[in-house]
Amino acid sequence: MLGMLRGSRGLWVGAVVGLVALWGPSAGAAHGVGDPVGRAVGPDAVAPPVAPPVTTAVATAVAVPGVEADLAYHGHVSFWNGRVGVWVEPSNHGPGAVPDATVRLRFSVPLAGVEELPPGCLRGSPETVFCSTGPMRAAGAGRPFALDLRVAGSPAEVVVNISTSWSGGARDRNPNNNTHRVLAPATGDKYAY
(Lines give C-alpha, C1' and ligand atoms only; values in the text may rest on other atoms or scores of the structure.)
Protein backbone atom coordinates (compact mmCIF):
# COMPACT_ATOMS: atom_id res chain seq x y z
CA MET A 1 0.00 0.00 0.00
CA LEU A 2 2.83 2.40 0.80
CA GLY A 3 4.27 1.81 -2.66
CA MET A 4 1.00 3.03 -4.17
CA LEU A 5 1.17 6.19 -2.07
CA ARG A 6 4.62 7.14 -3.44
CA GLY A 7 2.99 8.18 -6.71
CA SER A 8 1.20 11.03 -4.98
CA ARG A 9 3.44 13.23 -2.85
CA GLY A 10 0.54 14.69 -0.82
CA LEU A 11 -0.86 11.29 0.09
CA TRP A 12 2.61 10.02 0.95
CA VAL A 13 3.26 12.91 3.32
CA GLY A 14 -0.15 12.30 4.91
CA ALA A 15 0.69 8.60 5.39
CA VAL A 16 4.07 9.43 6.99
CA VAL A 17 2.48 12.01 9.29
CA GLY A 18 -0.19 9.46 10.23
CA LEU A 19 2.44 6.78 10.98
CA VAL A 20 4.50 9.21 13.05
CA ALA A 21 1.39 10.22 14.95
CA LEU A 22 0.60 6.57 15.72
CA TRP A 23 4.10 5.18 16.38
CA GLY A 24 6.13 8.25 17.46
CA PRO A 25 8.96 10.24 15.79
CA SER A 26 11.35 7.31 15.46
CA ALA A 27 8.79 5.03 13.76
CA GLY A 28 9.85 5.90 10.21
CA ALA A 29 13.52 5.12 10.81
CA ALA A 30 12.87 1.93 12.75
CA HIS A 31 10.51 0.52 10.12
CA GLY A 32 12.45 1.54 7.01
CA VAL A 33 9.75 3.91 5.75
CA GLY A 34 10.85 6.17 2.88
CA ASP A 35 10.80 9.94 3.09
CA PRO A 36 8.40 12.03 0.93
CA VAL A 37 10.71 11.88 -2.12
CA GLY A 38 11.22 8.11 -1.94
CA ARG A 39 14.66 7.83 -0.27
CA ALA A 40 15.01 5.12 2.37
CA VAL A 41 15.49 6.27 5.92
CA GLY A 42 17.68 3.85 7.86
CA PRO A 43 18.28 3.43 11.60
CA ASP A 44 21.33 5.74 11.45
CA ALA A 45 19.67 8.47 9.39
CA VAL A 46 18.37 11.65 10.95
CA ALA A 47 14.63 11.96 10.54
CA PRO A 48 13.45 15.29 9.12
CA PRO A 49 11.25 17.43 11.36
CA VAL A 50 7.63 16.35 11.19
CA ALA A 51 4.62 18.65 11.30
CA PRO A 52 2.16 18.05 14.14
CA PRO A 53 -0.26 15.27 13.28
CA VAL A 54 -3.52 16.31 11.67
CA THR A 55 -5.42 14.30 14.28
CA THR A 56 -4.37 16.79 17.00
CA ALA A 57 -6.34 19.61 15.38
CA VAL A 58 -9.38 17.40 14.85
CA ALA A 59 -9.35 16.02 18.39
CA THR A 60 -9.24 19.48 19.95
CA ALA A 61 -11.95 21.00 17.74
CA VAL A 62 -15.06 21.96 19.65
CA ALA A 63 -18.45 21.76 18.01
CA VAL A 64 -19.94 25.20 17.48
CA PRO A 65 -23.50 25.26 18.80
CA GLY A 66 -26.19 25.93 16.23
CA VAL A 67 -28.34 28.99 16.08
CA GLU A 68 -31.53 29.15 18.05
CA ALA A 69 -34.75 29.06 16.06
CA ASP A 70 -38.36 28.21 16.67
CA LEU A 71 -39.69 25.94 13.94
CA ALA A 72 -43.45 25.66 13.64
CA TYR A 73 -45.76 23.61 11.42
CA HIS A 74 -49.42 24.38 10.86
CA GLY A 75 -51.96 23.11 8.38
CA HIS A 76 -54.64 20.45 8.18
CA VAL A 77 -55.22 16.73 7.56
CA SER A 78 -58.21 15.15 5.85
CA PHE A 79 -59.09 11.53 5.08
CA TRP A 80 -61.66 10.26 2.57
CA ASN A 81 -62.15 7.19 0.32
CA GLY A 82 -58.80 5.66 1.29
CA ARG A 83 -56.87 8.88 0.58
CA VAL A 84 -55.13 11.09 3.11
CA GLY A 85 -54.39 14.73 2.39
CA VAL A 86 -51.87 16.69 4.45
CA TRP A 87 -51.20 20.41 4.05
CA VAL A 88 -48.08 21.73 5.85
CA GLU A 89 -47.04 25.36 6.24
CA PRO A 90 -43.58 25.51 7.89
CA SER A 91 -42.39 28.70 9.57
CA ASN A 92 -39.59 29.94 11.80
CA HIS A 93 -40.32 32.30 14.68
CA GLY A 94 -36.57 32.94 15.15
CA PRO A 95 -34.43 34.44 16.51
CA GLY A 96 -32.01 32.82 14.02
CA ALA A 97 -32.41 31.79 10.38
CA VAL A 98 -32.54 28.13 9.36
CA PRO A 99 -30.83 27.01 6.12
CA ASP A 100 -33.23 24.07 5.74
CA ALA A 101 -35.18 21.65 7.91
CA THR A 102 -36.86 18.29 7.39
CA VAL A 103 -40.43 17.53 8.43
CA ARG A 104 -41.28 13.88 9.19
CA LEU A 105 -44.85 12.74 8.56
CA ARG A 106 -45.54 9.32 10.07
CA PHE A 107 -48.87 7.69 9.23
CA SER A 108 -50.63 5.12 11.45
CA VAL A 109 -51.24 2.89 8.41
CA PRO A 110 -48.93 2.01 5.49
CA LEU A 111 -49.22 4.07 2.35
CA ALA A 112 -50.25 2.15 -0.76
CA GLY A 113 -48.00 1.99 -3.79
CA VAL A 114 -45.56 4.56 -5.02
CA GLU A 115 -47.27 7.86 -5.63
CA GLU A 116 -45.72 11.03 -6.92
CA LEU A 117 -44.56 13.27 -4.10
CA PRO A 118 -44.05 17.02 -4.29
CA PRO A 119 -40.51 18.33 -4.93
CA GLY A 120 -38.39 18.11 -1.79
CA CYS A 121 -40.27 15.08 -0.38
CA LEU A 122 -39.34 11.40 -0.29
CA ARG A 123 -40.57 8.14 1.22
CA GLY A 124 -38.65 6.97 4.27
CA SER A 125 -40.67 3.79 4.91
CA PRO A 126 -44.13 2.44 4.05
CA GLU A 127 -45.55 4.70 6.80
CA THR A 128 -43.20 7.71 6.61
CA VAL A 129 -42.61 10.67 4.31
CA PHE A 130 -39.88 13.30 4.77
CA CYS A 131 -40.15 16.80 3.28
CA SER A 132 -37.74 19.72 3.13
CA THR A 133 -38.90 23.15 4.30
CA GLY A 134 -36.31 25.09 2.31
CA PRO A 135 -34.50 28.04 3.91
CA MET A 136 -36.38 30.06 6.52
CA ARG A 137 -35.23 33.44 7.73
CA ALA A 138 -36.04 34.53 11.26
CA ALA A 139 -39.74 35.39 11.47
CA GLY A 140 -40.17 33.88 7.99
CA ALA A 141 -41.99 31.06 6.27
CA GLY A 142 -40.66 27.96 4.58
CA ARG A 143 -41.92 26.23 1.46
CA PRO A 144 -45.48 24.92 2.02
CA PHE A 145 -46.33 21.51 0.61
CA ALA A 146 -49.37 19.30 0.16
CA LEU A 147 -49.55 15.51 0.08
CA ASP A 148 -52.38 13.48 -1.46
CA LEU A 149 -51.66 9.80 -0.74
CA ARG A 150 -53.56 6.52 -0.88
CA VAL A 151 -53.40 4.30 2.21
CA ALA A 152 -53.33 0.50 2.29
CA GLY A 153 -56.53 -1.27 3.28
CA SER A 154 -59.76 0.41 4.34
CA PRO A 155 -59.16 1.99 7.75
CA ALA A 156 -61.90 4.07 9.38
CA GLU A 157 -59.34 6.68 10.49
CA VAL A 158 -55.72 7.72 10.08
CA VAL A 159 -53.39 9.29 12.60
CA VAL A 160 -50.64 11.54 11.24
CA ASN A 161 -47.67 12.40 13.46
CA ILE A 162 -45.85 15.53 12.30
CA SER A 163 -42.45 16.45 13.73
CA THR A 164 -38.99 17.77 12.92
CA SER A 165 -36.57 15.12 11.73
CA TRP A 166 -33.68 17.55 11.12
CA SER A 167 -33.49 21.20 12.12
CA GLY A 168 -30.60 22.33 9.92
CA GLY A 169 -28.39 22.54 13.01
CA ALA A 170 -30.70 24.96 14.84
CA ARG A 171 -31.69 24.48 18.48
CA ASP A 172 -35.45 24.61 19.03
CA ARG A 173 -36.45 25.17 22.66
CA ASN A 174 -40.15 25.19 21.82
CA PRO A 175 -40.99 21.85 20.15
CA ASN A 176 -44.68 22.16 21.05
CA ASN A 177 -45.49 24.03 17.83
CA ASN A 178 -43.64 21.62 15.53
CA THR A 179 -44.79 18.32 17.02
CA HIS A 180 -48.39 17.37 16.23
CA ARG A 181 -50.57 14.26 16.34
CA VAL A 182 -53.69 14.55 14.19
CA LEU A 183 -56.54 12.01 14.14
CA ALA A 184 -58.57 12.15 10.93
CA PRO A 185 -61.69 9.99 10.61
CA ALA A 186 -62.72 9.01 7.06
CA THR A 187 -65.23 11.86 6.74
CA GLY A 188 -63.31 14.17 4.38
CA ASP A 189 -63.35 16.94 7.00
CA LYS A 190 -60.24 19.08 7.54
CA TYR A 191 -58.62 18.69 10.95
CA ALA A 192 -56.36 21.65 11.68
CA TYR A 193 -53.17 21.51 13.72
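Residues numbered from 1 in each chain as written. Predicted model: local features only at pLDDT ≥ 70, side-chain atom pairs only at ≥ 80, totals over all residues. Heavy atoms only, no water.

**Q** Any details on unusual backbone geometry? Residues and values, ideally.
**A** Among all residues save glycine, negative phi is the norm, and among peptide bonds the norm is trans. Backbone torsion omega between glycine 94 and proline 95 reads 10 degrees, so that peptide bond is classified as cis. For asparagine 81, which is not a glycine, the phi torsion comes out positive at approximately 45 degrees. Locating asparagine 81 in the fold gives a position in the loop between β1 (71-80) and β2 (83-92). Relative accessible area serves as the criterion here: at 69%, asparagine 81 is assigned to the exposed category. (Helix = DSSP H or I, 4+ residues; strand = E, 2+ residues; numbered from the N terminus. Buried < 20%, exposed > 50% of the residue type's maximum accessible area, 1.4 Å probe, protein only.)

**Q** Quick rundown of the state of the cysteines? Include the residues and the values.
**A** According to the stated counting rule, one finds one disulfide in the structure shown. Put simply, cysteine 121 and cysteine 131 are joined by a disulfide, and their sulfur atoms are 2.0 Å apart. Between cysteine 121 and cysteine 131 the sulfur-sulfur dihedral comes to about 115 degrees; the bridge is accordingly right-handed. On the criterion of sequence distance, the pair formed by cysteine 121 in strand β4 (residues 121-125) and cysteine 131 in strand β5 (residues 128-132) is long-range, its members being ten residues apart. When its relative accessible area of 14% is taken as the criterion, cysteine 121 is described as buried. (Disulfide = S-S within 2.5 Å.)

**Q** Just give me the short version of the environment of alanine 141, but keep the residues and values in it.
**A** Among the structural elements, alanine 141 can be located in strand β6 (residues 140-141). Alanine 141 gets classed as exposed once you look at its relative accessible area, which sits at 57%. For the pair formed by alanine 141 and histidine 93, sequence separation is 48 residues and the distance between their alpha carbons is 8.7 Å.

**Q** Any details on the pattern of salt bridges? Residues and values, ideally.
**A** Tallying each qualifying case throughout the model produces three salt bridges. When the shortest N-O distance is used, the salt bridge between arginine 173 and glutamate 68 registers 3.7 Å. A residue pair is termed long-range when its members are at least 10 positions apart, and arginine 173 in the loop between β8 (157-166) and β9 (180-185) and glutamate 68 in the loop between α4 (54-60) and β1 qualify at 105 residues. Judged by relative accessible area, arginine 173 falls into the exposed class, the value being 63%. Across the pair aspartate 148 and arginine 83 runs a salt bridge, and its minimum N-O distance is 3.0 Å. (Salt bridge = Lys/Arg side-chain N within 4 Å of Asp/Glu carboxyl O.)

**Q** Got a sec to walk through the pairing of β1? Specific residues and values, please.
**A** Within β1, seven of the ten residues are buried, which leaves it mostly tucked inside the rest of the structure. Relative to β2, β1 runs antiparallel, the two being bridged by ten bridges. Each bridged residue has a counterpart across the sheet, and for tryptophan 80 the counterpart in β2 is arginine 83. If you look at the hairpin formed by β1 and β2, you'll find two residues sitting between the two strands, and asparagine 81 has a positive phi there, around 45 degrees. Here β1 pairs with strand β10 (residues 191-192) via two bridges, running antiparallel. Counterpart to valine 77 in the pairing with β10 is tyrosine 191. (Pairing = 2+ DSSP bridges.)

**Q** If you had to explain the nonpolar core to someone new, which residues and values would you point to?
**A** Judged by nonpolar contacts, the single largest core of 31 residues is most densely connected at Val84, Val86, Leu105, Phe107, Val129, Leu147 and Val160. Every element with two or more residues in this core is listed here: β1, β2, β3 (102-107), β5, β7 (145-150), β8 and β9. Each residue touching phenylalanine 107, except ones within four places of it in the same chain, is listed here: Val84, Val86, Glu127, Val129, Leu147, Leu149, Val158, Val159 and Val160. (Core = buried A, V, L, I, M, F, W, Y, C linked by side-chain atoms within 4.5 Å. Contact = heavy atoms within 4.5 Å.)

**Q** An account of the environment of serine 154 is needed here, citing residue identities and associated values.
**A** Tracing the backbone shows serine 154 in the loop between β7 and β8. With a relative accessible area of 75%, serine 154 lands in the exposed category. Linking serine 154 and arginine 83, residues 71 residues apart in sequence, is a C-alpha distance of 9.7 Å.

**Q** Can you lay out the confidence of the model for the protein chain for me, pointing to particular residues and giving the numbers?
**A** Of all residues in the protein chain, 66% have pLDDT values of 70 or greater, and the mean over the chain is 76. In this model residues 1-64 is a low-confidence stretch, pLDDT under 50, and it forms 40 contacts with partners more than four residues away in sequence or in other chains. (pLDDT = per-residue confidence, 0-100.)

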